[in-house]
Amino acid sequence: MSTRLVLGSRALLCASALALLALQGCSGSNDTSKAQASQAAPSGDPLPVGVATEHTRLANAAVLKELDFSDKAAYAAAQKGFIARLDDPKILGKDGNYMSEKGVVYDASKLDFLNNAAEAPPTANPSLWRQAQINNVQGLYKIAERIYQFRGYDITNLTLIEGKTGWILVDPNISPNVAAAGLKLANEKLGARPVKAILITHSHGDHFGGMLGVTTLEDIKAGKVQVIVPEAFMEEAVSEQLYTGNIIDRRSGFSYGFNLPTGPAGTITNGLGVPAAQDIVTLAPPTQVVSRTGQKLTVDGLDVVFQMAPHTEAPAEMLFYFPQLKALCLAEDGNQLMHNLYSIRGTKVRDARVWAQTLNTALEMFGADAQMAFSPHTWPVYGNESIRTFLGKQRDMYKYINDQSLRLANNGYDAVEISNMIKLPPSLDKEFYNRGYYGALKHNARAVYDFYLGYFNGNPAELDPLPRIDAARLYVEAMGGIDNVLKLGRKAFDAGDYRWTAQLVNHAVYADPENKAARELQAAALEQMGFQAESATWRGFYLTAAMELRQYGGERRHTRPIIDPATIPVPMAVDYLAALVDPAKAQGKAIRVGLALGKQKYTLRLENSVLNLGQPFPGEKLDASYTLDQATFGRIVKAQAKAADEAKSGALKADGNAAALDDIVAVFSMPSTDFPLVWPNKP
């Protein structure tokens with residue numbers, strides 16, 4: 001797949017930061033509910049493929065006794081206020097602006113299997129299945145007086161609020177085509193209104209990607225539409241994916257099950273909502289930046305009170321309250337699930353203490369009056385008492401994880417030990433909205449340890465470990481050879497100990513990735529762990545890993561992050577480019593060039609195999625000086641044009657060695673996009 005980004009003329013955005021988000025949650029179309037062919041195991045007995053073992057059946061059945069599945073309040077809350085759904089479950093792209101084949105941006109019918117099954121199949125954790133069913137409620141809903149949501153057609157909800165003269169929109173999906181379909185349905189059913197304002201809760205692309213499906217750059221520039229964002233929104237929309245976009249993109253394919261078939265043995269939900277629409281991601285420049293808690297704005301006749309929430313679920317985030325409507329938007333800090341303190345696709349660790357404090361502040365500022373709380377994911381909370389209980393228990397969940405992880409760490413336990421020891425108290429654990437459908441208690445506890453203490457557990461035996469391949473070969477040798485490892489692994493598998501099977505057989509896979517029996521046994525263990533997982537992201541990782549192990553040597557679908565230095569500030573572009581420097585190519589090179597881009601003047605220095613950008617030094621000797629615009633700079637550093645040729649054509653002015661910038665570009669090396677995650681990478 002590929003992702004195209006439509007940018008506003010003032011939008012300083014890195015497209016790779018959005019390419020990842022445009023793909024989150026997308027999946028294939030084949031139903032995997034039927035048993036697939038078995039594979040031979042080392043013992044000669046067949047290994048299950050695509051079906052649950054008896055151990056998995058029993059584990060999932062036990063979940064039904066652990067939680068109160070007779071409680072249908074969430075189903076009723078999700079369905080409350082239904083108005084209409086789209087006549088056609090397929091949303092099509094327009095004018096070629098979509099990512100998917102055949103122009104289908106989203107097909108709601110692919111998840112019909114969720115509604116056709118009264119009970120969870122043995123290939124899915126019943127708690128996660130319940131979440132998937134509720135997330136799959138589709139259509140336009142009235143959630144309060146003058147407030148509506150369009151849900152079930154994208155990972156993010158489109159919220160529409162009746163202002164004095166038009167619509168105030170909140171987080172218009174990841175997809176322009178889905179957002180346009182939702183706005184069209186609302187105008188048809190509720191009366192046509194112009195869009196007057198768009199409020200963006202935070203800096204993740206699934207919350208702003210559909211902007212240009214509901215408005216135009218021209219209307220924004222003309223002042224017809226306000227775009228209101230939290231402080232640091234534009235910078236954070238770029239930087240979170242700028243430096244590690246390639247590895248995060250690859251790992252996201254696992255986390256969200258991009259390549260898994262949709263069905264009871266494949267993708268069922270991402271936890272937050274239905275799979276994301278396959279579409280381009282757009283961004284328009286903001287017209288208003290909110291910077292402080294308590295700040296008030298009047299937006300199309302409605303008062304809005306803001307609460308800043310930086311460094312919670314996103315680096316730039318805000319909650320807000322509509323006092324006339326008694327409606328509270330919780331952004332992505334209050335959800336019908338346990339969120340991530342660390343996203344296993346790869347992110348900076350989030351501060352659980354600050355997250356809990358943010359929810360406490362929301363409770364103190366708005367808890368006395370709010371009658372409805374909504375989020376851009378999942379479904380609303382209705383009634384003041386329910387809102388206060390919800391906020392209090394979500395607050396206490398994150399604070400408990402923070403406090404108890406620290407208590408155990410201060411007693412000498414490491415991150416892995418803590419993750420296996422920590423348990424939420426029943427008063428928190430039994431609430432469905434505190435279950436780990438997106439985050440997970442185990443990896444969130446490890447995140448707290450890492451946030452405060454880093455990766456090292458204090459045991460010097462683990463300070464300088466052998467690389468995975470070297471260690472695997474020695475482990476296999478110590479255990480009597482690969483056949484014996486597989487024998488022990490199969491014994492653990494037959495006993496239903498899939499965690500130990502995976503940990504043990506992983507050594508065999510890394511010692512000899514060509515060993516088909518090792519890959520198949522590892523795949524079988526990971527698949528069963530996926531079938532048992534309550535976390536959608538854990539399920540995605542387990543099932544995708546199993547799929548790739550079975551398809552060893554086959555094509556792995558992956559989208560290279562599209563980073564365009566022409567669309568982001570030069571200092572950020574150079575930060576990105578610096579991580580592409582190949583030390584072998586740069587060895588012994590010392591190049592300094594001056595850059596004049598309008599009023600901005602820099603010196604770009606390649607020395608010691610390091611690329612730096614700084615201010616010019618008086619009298620500094622330069623190999624070349626260039627006067628050029630950012631578009632030309634972008635073409636050159638992307639190797640789409642030569643500086644020397646651009647100088648000859650007049651696209652830039654060069655003094656000195658016109659090819660000096662080309663010599664810097666020559667040391668860049670683009671990363672691989674299909675490297676393995678579950679067997680050895682190439683040396």
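Scroll up to find the structure this text is about.
Residues numbered from 1 in each chain as written. Predicted model: local features only at pLDDT ≥ 70, side-chain atom pairs only at ≥ 80, totals over all residues. Heavy atoms only, no water.

Engineer: Is there a simple way to think about the overall build of the protein in this case?
Structural biologist: Of regular secondary structure, the protein possesses 24 helices and 25 strands. Computed over its C-alpha atoms, the radius of gyration of the protein comes to 26 Å, within 12% of the 26 Å expected for a compact globule of 683 residues. Taken along the three principal axes of its C-alpha coordinates, the protein extends 75 × 70 × 55 Å. Within the protein, the fraction of its 683 residues that count as buried is 58%. On the protein, roughly 27,700 Å² of surface is accessible, and the fraction owed to carbon and sulfur atoms is 50%. Considering the protein, the positive charge centre built from 68 side chains and the negative charge centre built from 71 side chains are found 2 Å apart. (Helix = DSSP H or I, 4+ residues; strand = E, 2+ residues; numbered from the N terminus. Rg over C-alpha atoms; globule rule 2.2 N^0.38 Å. Buried < 20%, exposed > 50% of the residue type's maximum accessible area, 1.4 Å probe, protein only. Areas by Shrake-Rupley, 256 points an atom, 1.4 Å probe, with all protein chains shown as cover. Lys, Arg positive; Asp, Glu negative; His and termini not counted. Charge placed at Lys NZ, Arg CZ, Asp CG, Glu CD.)

Engineer: Which parts of the structure should I look at to understand the sheet that holds strand β17 (residues 318-322)?
Structural biologist: Backbone-to-backbone hydrogen bonds pair the strands of a sheet. The strands run either parallel or antiparallel. One open sheet holds the 6 strands; their spatial order is β15-β16-β17-β18-β19-β20, and the pairing between them is mixed. What marks the edges here is a single partner per strand, and that holds for β15 (296-299) and β20 (381-382). Of the strand pairs in this sheet, strand β16 (residues 302-308) and β17 are connected by 4 bridges, and their pairing is antiparallel. Bridge pairing in β17 places Gln307 opposite Leu319. Across the sheet, helix α10 (residues 352-366) is in contact with β16, β17 and β18 (327-329); its angle to β16 comes to roughly 150°. (Pairing = 2+ DSSP bridges. Contact = heavy atoms within 4.5 Å. Axes fitted to C-alpha atoms, helices over the stretch in contact; angles between N-to-C directions.)

Engineer: What should I look at first to understand the environment of Ala352 in this one?
Structural biologist: Relative to the helices and strands, Ala352 resides in helix α10. Placed 41 residues apart in sequence, Ala352 and His311 show a C-alpha to C-alpha distance of 9.5 Å.

Engineer: I'm lost on the pattern of salt bridges in this one. Help?
Structural biologist: Two side chains of opposite charge can pair, provided their charged atoms sit close to one another. In total, this model carries 18 salt bridges according to the counting rule given. For the salt bridge of Arg193 with Glu162, the shortest nitrogen-to-oxygen distance reads 3.6 Å. Pair noted here: Arg193 is in the loop between α6 (176-190) and β11 (195-199) and Glu162 is in strand β9 (residues 158-162), with a separation of 31 residues, a long-range link. Looking at Glu162, the relative accessible area reads 15%, which means it is buried. The salt bridge involving Glu620 is made with Arg605; its shortest N-O contact spans 2.8 Å. (Salt bridge = Lys/Arg side-chain N within 4 Å of Asp/Glu carboxyl O.)

Engineer: Honestly, a nonpolar patch on the surface in this entry has me stumped. Any pointers?
Structural biologist: Where nonpolar side chains cluster on the molecular surface, the patch consists of Phe451, Tyr452 and Leu453 and spans about 280 Å² of accessible area. Mapped onto the elements, Leu453 comes out in helix α14 (residues 441-453). (Patch = residues over 30% accessible without salt bridge, like charges linked within 9 Å, V, L, I, M, F, W, Y side chains within 5 Å.)

Engineer: Hey, could you run me through α6 in this one?
Structural biologist: Residues separated by three or four positions in an α-helix point in the same direction, a consequence of the helix having 3.6 residues per turn. Under the 1.5 Å per step criterion, the end-to-end length of α6 is 21 Å for 15 residues, consistent within 8% with the ideal 21 Å. The set of residues buried in α6 consists of Pro176, Asn177, Val178, Ala179, Ala181, Gly182, Leu183, Leu185 and Ala186. Among the residues trailing α6, Gly191 stands out with phi positive, at a value near 105°. (Expected span 1.5 Å × (residues − 1).)

Engineer: What am I meant to see in α10 here?
Structural biologist: Across its 15 residues, α10 extends 21 Å between first and last C-alpha, which sits within 8% of the 21 Å expected from 1.5 Å per residue. For α10, the set of buried residues is Ala352, Val354, Trp355, Ala356, Thr358, Leu359, Ala362, Leu363 and Phe366. Against β16, β17, β18, α11 (384-409) and α14 lie the buried residues of α10. The N-cap residue of α10 is Asp351: its side-chain oxygen and the backbone nitrogen of Arg353 are 3.0 Å apart. (Polar contact = N/O pair within 3.5 Å; in protein donor to acceptor, adjacent residues only side chain to side chain.)

Engineer: Would you mind showing me how to read the sheet that holds strand β24 (residues 624-627) here?
Structural biologist: On the basis of which strands lie adjacent, the open sheet formed by 5 strands has the order β23-β22-β21-β24-β25 and mixed pairing. Two strands close off the open sheet at either side, each with one partner strand: β23 (610-614) and β25 (653-656). Ignoring strand direction, the axes of neighbouring strands in this sheet form an average angle of 15°. Bridge count between strand β21 (residues 591-597) and strand β22 (residues 600-607): 7 bridges; the pairing is antiparallel.

Engineer: Please clarify how the packing of helix α16 (residues 482-494) against helix α17 (residues 498-511) should be interpreted in this entry.
Structural biologist: For any two helices packed against each other, the geometry comes down to the angle between their axes and how far apart the axes lie. In the contact formed by α16 and α17, the axes pass within 8 Å of each other and the chain directions differ by 165°. Classified by the angle their axes make, α16 and α17 are roughly antiparallel. Considering only the axes of α16 and α17, their crossing is left-handed. Every residue of α17 that contacts α16 at Ile482, Val485, Leu486, Leu488, Gly489, Ala492 and Phe493 is listed here: Tyr498, Trp500, Thr501, Leu504, Val505 and Ala508. Its residues assigned to classes, the contact of α16 with α17 comprises 11 nonpolar, 2 polar and no charged. (Parallel < 35°, antiparallel > 145°, perpendicular 65-115°, else oblique. Left-handed = near helix turned anticlockwise from the far one by under 90°. Nonpolar A, V, L, I, M, F, W, Y, C, P; charged D, E, K, R; others polar.)

Engineer: Hey, could you run me through the pairing of strand β7 (residues 139-144) in this one?
Structural biologist: On a regular strand, each side chain points to the face opposite its neighbour's, so the side chains alternate between the two faces of the sheet. Within β7, 5 of the 6 residues are buried, which leaves the element mostly enclosed by the surrounding structure. Sheet topology note: the strand β4 (residues 82-84)/β7 ladder contains 2 bridges and is antiparallel. From the neighbouring strand, Phe82 faces β7, where its bridge partner is Tyr141. In this structure, β7 lies alongside strand β8 (residues 147-151), joined through 5 bridges in antiparallel fashion. If you follow Lys142 over to β8, its bridge partner there is Tyr148. Taking the residues that link successive antiparallel strands as the turn, the β7-β8 hairpin has 2 residues, and the phi of Arg146 there is positive, at about 75°.

Engineer: What's the story with the nonpolar core in this structure? I'm lost.
Structural biologist: Nonpolar side chains in soluble globular proteins tend to be buried together. With 61 residues, the main nonpolar core has Tyr153, Leu160, Leu169, Phe208 and Ile268 as its most contacted residues. With 6 residues, α6 is the single largest residue contributor to this core. Excluding its chain neighbours within four sequence positions, the residues that come into contact with Tyr153 are Arg85, Leu86, Pro89, Ile91, Tyr106, Ala108, Gln138, Gly139, Val178, Val274 and Ala277. Judged by nonpolar contacts, the second largest core, of 38 residues, contains Leu319, Phe366, Leu424 and Ala447. (Core = buried A, V, L, I, M, F, W, Y, C linked by side-chain atoms within 4.5 Å.)

Engineer: Sorry if this is basic, but what is going on with the side chain of Arg345 here?
Structural biologist: Relative to the elements of secondary structure, Arg345 occurs in the loop between β18 and α10. Of note is the side chain of Arg345, whose polar atom sits 3.0 Å from the side chain of Tyr256.

Engineer: Can you help me understand the packing of aromatic side chains in this one?
Structural biologist: Any aromatic ring pair is given by two values, namely how distant the centres are and how the planes are angled relative to each other. Inspection of the entire model under this criterion finds 18 aromatic pairs. Pairing Phe150 with Tyr153 gives two aromatic rings, centres 4.9 Å apart and planes at 5°, and the pair type is stacked. The exposure class assigned to Phe150 is buried, which follows from its relative accessible area of 1%. One aromatic cluster is present, formed by Tyr256, Phe258 and Tyr438 through successive ring pairs. For the cation-ring pair, Arg130 lies above Phe432, with the distance from its terminal atom to the ring centre recorded as 3.6 Å. Seen from the ring of Trp167, Arg193 lies directly overhead, with NZ or CZ sitting 4.9 Å from the centre. (Phe/Tyr/Trp six-rings, centres within 6.5 Å; stacked < 30°, edge-to-face > 60°. Lys NZ or Arg CZ within 6 Å of the ring centre and 35° of its normal.)

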